[in-house]
Amino acid sequence: LAPDAQGIMADYGSYGGNRYAHTADLVDPGKIYKAVYQTNSWGDARTRSYNSVSQQMDDIIYINDIVITQSQSNAGDQDSRPQAWSKNIVAVGGIRHYNDFNNSNDNWASGASIGPAADGRIKPDMNAFYDSIDCVNTSSFGGTSGATPIVSGHFALFYEMWHNGYFNNTTGTSVFESRPHSTLARAIMMNTAWQYPDTQTDIKRIHQGWGRPNLRTMYDNASSLFWINETDVLQETESTSYSLTVAPGTPEFQATLVYMDRAGTTSSSLHRINDLSLRVTDPNGTFYWGNRGLNGTVYNFSQSGGASNTKDPVEHVILENPIAGNWTVEVIADEINQDTHPETGAVDADYALVVRGTTGGSAGFQVGIASGSCGGPMTFEVSGETSGGVVVWTYGSPGNYVHGGPVCAGATFDITSPKIASVGTATSVSVNVPAGACGNIRVQCLDVQSCTVSNYIDL
């Protein structure tokens, strides 16, 4: 899937079995590796429990912010590698495809290990082919050991697409430097995945997870996806809402929330630590909670009403033929028991959010510093989809915004100090930046019609 990628064959046993040190080296910018994901078709002895190995993987992924995929195993029941029960990992299940292109005859056939996790969390996270996998030296490789690197290869191509700016994202000088947070990579991969229909009675959510990677859907929707890359932060009981527009004739709406969770408690019956919830409200006021209706006998599309999900750090709302109009997508911090956003002094949490099926992508603009310096006027060049308005302002420290709320396009005024400037379709904007504000400059794109935040970029 990624023939031009630089592969790394690794054995953490050479680190004395210290997987913490091993993974840290993979993402250390000072080392030669600079890995953007890791794939594992091995693991510790199978179990149905969230144990100390599961706990360790959640901690390692939280610390190193890297996508790690893990084979679920091949027991035909819930006996799985303990790594697969981790909350932050991408556990991969397998579906038999019988070496043809006909998805309708695929089935599970009691092959791959399945979910749910002991506390009811949805597992596996994704799936790929279980049988007849072509490799360098054989055409008959299989199992979740084969399905897992297939999913990982799609992550490789996602990171290449991200580095090429297909998502209207800013980029760095290399794939490693360009990469988004691992939560956003997971959210985009799952949001654009292909799911088996619930009419195939041998394939349920516990077999396929959130689907099989689909690069065509990802590529076709890349520039219109609304996404949040761990830039919005919540303390307990706080929420953030996003107003998005669904155009007439849109075939599907899907919102995906992924947040990094701290290592769980092995003796607890509930393994999540924090609880962020996803809620979507349509123009008529009908609301949909994340994952409601997506894990039963009929599971392709969300059910309205009900209560918030309290178990999963991955939540989806999936709807067919959504009605046209303004939709509201909310992320709600029901419980924040441990800090996952150490950049601030508060106990808070960030998250990745992806919405497909709306107009006006979240990052439909590029911004850069054209001239000026701290302590005086500074000009920002803005290009791309700026018809929604662009706001530029500074703030004293990360998380402490100096502004009085959303600013509609066309307004230029002072609220205190520094200044706020807002433009519609202009290609540049100037703002007076106080001394000492270098590195604390924020550029925000606004939805002019509803005057609500749709994205921002920190400089």
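Structure report, in brief. Going along each chain's sequence as written, the residues are numbered from 1 onward. Reporting in this predicted model follows two pLDDT cut-offs: at least 70 for local features of residues, and 80 or more for side-chain atom pairs to be given and counted; totals over whole chains, interfaces and linings ignore these cut-offs and use all residues. Values reported for side chains reflect all heavy atoms of the structure, with hydrogen atoms and water molecules removed beforehand.

## Some remarks on the overall build of the protein chain
Inclusion rule: By the criteria applied, helices consist of DSSP H or I runs no shorter than four residues and strands consist of E runs no shorter than two, each listed in order from the N terminus. Each residue's exposure class comes from its accessible area (1.4 Å probe, protein chains only) as a fraction of the maximum for that residue type: buried when under 20%, exposed when over 50%, partly exposed otherwise. Residue-level accessible areas treat just the shown protein chains as cover; the underlying method is Shrake-Rupley with a 1.4 Å probe.
Secondary structure summary: the protein chain contains seven helices and 21 strands in total. Burial analysis of the protein chain (459 residues in total) assigns 52% to the buried set. Carbon and sulfur atoms make up 48% of the accessible area of the protein chain, which amounts to about 18200 Å² in all.

## Focus: the packing of helix α1 (residues 19–27) against helix α2 (residues 52–64)
Short version of the rule: Only C-alpha atoms enter the line fits that serve as axes; for helices the fit covers just the stretch in contact. Angles between N-to-C directions range over 0 to 180 degrees. Note on angle classes: values under 35 degrees are labelled roughly parallel, values over 145 roughly antiparallel, values of 65 to 115 roughly perpendicular, and the remainder oblique. In this scheme the crossing of two helices becomes right-handed for a clockwise turn of the near helix relative to the far one and left-handed for an anticlockwise turn of less than a right angle. A contact between two residues is defined here by any heavy atoms of the two lying within 4.5 Å. When residue character is reported, Ala, Val, Leu, Ile, Met, Phe, Trp, Tyr, Cys and Pro are called nonpolar, Asp, Glu, Lys and Arg charged, and the others, Gly included, polar.
Across the interface, α1 lies against α2 with an axial gap of 10 Å and an inter-helix angle of 25°. By the angle between their axes, α1 is roughly parallel relative to α2. Judged by the sense of rotation from one axis to the other, the crossing of α1 with α2 is right-handed. Contact with α1, carried on its side by Arg19, Tyr20, Thr23, Ala24 and Val27, involves Gln56, Met57, Asp59, Ile60, Ile63 and Asn64 of α2 and no other residues of that element. Partitioning the contact of α1 with α2 into residue classes produces six nonpolar, three polar and two charged.

## As for the nonpolar core
If you look at soluble globular proteins, the nonpolar side chains tend to sit buried side by side. Operational definition: In this text, buried Ala, Val, Leu, Ile, Met, Phe, Trp, Tyr and Cys residues form a nonpolar core when linked through side-chain atoms within 4.5 Å.
Counting residues in each nonpolar core, the largest one holds 49 residues, and the members touching the most others are Phe155, Phe158, Phe167 and Ile188. Per-element accounting of this core gives the leading share, eight residues, to helix α3 (residues 144–163). One finds Phe253, Leu257, Trp327 and Tyr351 within the second-largest nonpolar core, a separate group that totals 25 residues.

## Notes on the pattern of salt bridges
What counts, and what does not: Definition used for salt bridges: Asp or Glu carboxyl oxygen within 4 Å of a side-chain nitrogen of Lys or Arg.
Scanning the entire structure with this criterion turns up eleven salt bridges. The shortest N-O distance in the salt bridge between Glu330 and Arg279 comes to 2.9 Å. Placement of Glu330 in strand β11 (residues 325–335) and of Arg279 in strand β8 (residues 275–281) is noted, with a sequence separation of 51 residues between them. The class for Glu330 is buried, based on a relative accessible area of 13%. It is possible to trace a salt-bridge network through shared partners that takes in Arg48, Asp77 and Asp79.

## Considerations on the environment of Trp210
Its place among the elements puts Trp210 in the loop between α6 (205–208) and α7 (215–221). Classification of Trp210 by relative accessible area gives buried; the value is 1%. In the structure, Trp210 is positioned 88 residues away from Ile122 in sequence and 8.9 Å away in space, judged by C-alpha atoms. Residue contacts for Trp210: discarding those within four places in its chain leaves Ile122, Pro124, Asp125, Met126, Met190, Ala193, Gln195, Arg205, Asn291, Leu294, Val314 and His316.

## A closer look at unusual backbone geometry
Note that the residue after Gly115, namely Pro116, is joined by a cis bond; omega there is 5°. Tracing the sequence through the fold places Pro116 in the loop between β3 (90–95) and β4 (126–129). Following Lys123, the chain continues into Pro124 via a peptide bond in cis, with omega recorded as -5°. With respect to the secondary-structure elements, Pro124 resides in the loop between β3 and β4. With phi around 50°, Ser132 is a residue other than glycine that occupies positive phi space. Relative to the elements of secondary structure, Ser132 occurs in the loop between β4 and α3.

## Considering α2
To keep things clear, this is the line we draw: To estimate the expected span of a helix, count its residues, drop one, and scale the result by 1.5 Å. Pairs of N or O atoms are called polar contacts if they sit within 3.5 Å, as long as, within protein, a hydrogen donor faces a hydrogen acceptor (for residues adjacent in sequence, only side-chain-to-side-chain pairs).
Taking 1.5 Å per residue, 13 residues should reach 18 Å; α2 reaches 18 Å between its end C-alpha atoms and fits that length. Turning to α2, its buried residues number three or more, namely Val53, Ser54, Met57, Asp58, Ile60, Ile61, Tyr62 and Asn64. The opening residue of α2 is Asn51, an N-cap whose side-chain oxygen sits 2.9 Å from the backbone nitrogen of Val53. Looking at the residues trailing α2, positive phi occurs at Asp65, about 50°.

## Considerations on the sheet that holds strand β5 (residues 226–234)
Our working rule: Paired strands, as defined in this entry, are two strands with at least two bridges between them according to DSSP.
Spatially, four strands are ordered β5-β12-β7-β10 in an open sheet, and the strand pairing comes out antiparallel. Among the strands making up the open sheet, the edge pair consists of β5 and β10 (314–320). When strand polarity is set aside, the average angle formed by the axes of neighbouring strands in this sheet is 15°. Note that β5 and strand β12 (residues 349–356) share six bridges and pair antiparallel. Residue pairing in the sheet places Val233 in a bridge with Asp350 of β12. The strands touched by helix α5 (residues 182–191) within the sheet are β5, β7 (252–258), β10 and β12, with β12 carrying the most contacts at an inclination of about 25°.

## Regarding the packing of aromatic side chains
Where we set the bar: Side-chain rings of Phe, Tyr and Trp (the six-membered ring for Trp) are treated as a pair once their centres are within 6.5 Å; stacked means planes under 30 degrees apart, edge-to-face means over 60, and tilted covers the remaining angles. Both a distance and an angle decide whether a charge sits over a ring: NZ of Lys or CZ of Arg must be within 6 Å of the ring centre and within 35 degrees of the ring normal.
The final tally for this structure, using the stated rule, is eleven aromatic pairs. When the centroid spacing of 4.7 Å and the interplanar angle of 70° are considered together, the rings of Trp194 and Tyr196 count as edge-to-face. Judged by its relative accessible area of 0%, Tyr196 falls in the buried class. Grouping aromatic residues by their ring pairs yields a cluster made of Phe158, Tyr159, Trp162, Phe167 and Trp227. In this structure, Arg19 is placed above the aromatic ring of Tyr12, and the distance from its NZ or CZ to the ring centre is 5.8 Å.

## Considerations on the packing of α3 against α5
Remark: α3 packs on α5, axes separated minimally by 11 Å, with the N-to-C direction vectors making an angle of 110°. The angle between α3 and α5 places the two elements in the roughly perpendicular class. Along its contact with α3, which presents His154, Phe155, Phe158, Tyr159 and Trp162, the element α5 presents Leu184, Ala185, Arg186, Ile188 and Met189. Tallied by class, the residues present in the contact of α3 with α5 amount to eight nonpolar, one polar and one charged.

## Comments concerning the sheet that holds β3
Hydrogen bonds between backbone groups are what pair the strands of a sheet, and the pairing can be parallel or antiparallel. Across the sheet, four strands lie side by side as β1-β2-β3-β4; this open sheet has parallel pairing. Taken across any chain shown, the strands that pair with only one partner, and hence form the sheet edges, are β1 (37–40) and β4. Averaged over all adjacent pairs, the angle separating strand axes in this sheet is 30°, with direction ignored. Sheet topology note: the β3/β4 ladder contains four bridges and is parallel. Bridge pairing in β4 places Gly94 opposite Ala128.

Read these as geometric descriptors, not functional statements.
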